[in-house]
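# Remarks on the overall topology
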Amino acid sequence: MAKQSQHNKIRMKYFVVAVCFGCLVIAIFVKASYISFVEGSVWRKLGAAQIRPNIEVPAQRGNIYSGDEKLMATTEYMYRLYIDFWADGLKADTLKKYVQPL
């Protein structure tokens, strides 16, 4: 009989804790719904006013030196030149026409 009474007390404590957590979850859901639907337009306007444009900042290029001023890394620019022989702009008469000025 004493064990049954003790189990009922423990169950009652767990029930109270579960009800408290349930009330907390419901309160959070109600507050989130209120903010979303009732105050939503105000918060959306405030958020839109605080958006900053993205500004692209080019990286600075240059050499990297060690503590004793020895060159560790440098920037080398590499250019490639390609010719498209199948392009419409390159024809035999065009080449003959502009070979003299070249």
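Conventions and cut-offs
- Residues numbered from 1 in each chain as written.
- Predicted model: local features only at pLDDT ≥ 70, side-chain atom pairs only at ≥ 80, totals over all residues.
- Heavy atoms only, no water.
- Helix = DSSP H or I, 4+ residues; strand = E, 2+ residues; numbered from the N terminus.
- Buried < 20%, exposed > 50% of the residue type's maximum accessible area, 1.4 Å probe, protein only.
- Patch = residues over 30% accessible without salt bridge, like charges linked within 9 Å, V, L, I, M, F, W, Y side chains within 5 Å.
- Areas by Shrake-Rupley, 256 points an atom, 1.4 Å probe, with all protein chains shown as cover.
- Salt bridge = Lys/Arg side-chain N within 4 Å of Asp/Glu carboxyl O.

Here we take up unusual backbone geometry. The general pattern is negative phi for most residues beyond glycine and trans for most peptide bonds. The backbone of glutamate 69 sits at a positive phi, close to 60°, despite the residue not being glycine. Here glutamate 69 lies in the loop between strand S1 (64-65) and strand S2 (71-73).

Here the focus is the environment of glycine 67. Examined against the element boundaries, glycine 67 turns out to sit in the loop between S1 and S2. The class for glycine 67 is exposed, based on a relative accessible area of 84%. The spatial distance from the C-alpha of glycine 67 to the C-alpha of valine 38 is 60 Å, given a sequence separation of 29 residues.

What follows deals with a nonpolar patch on the surface. Side chains of Tyr34, Ile35, Phe37, Val38, Val42, Trp43 and Leu46 sit close together on the surface and give an oily, nonpolar patch of about 740 Å² of accessible area. What makes valine 38 exposed here is its relative accessible area of 51%.

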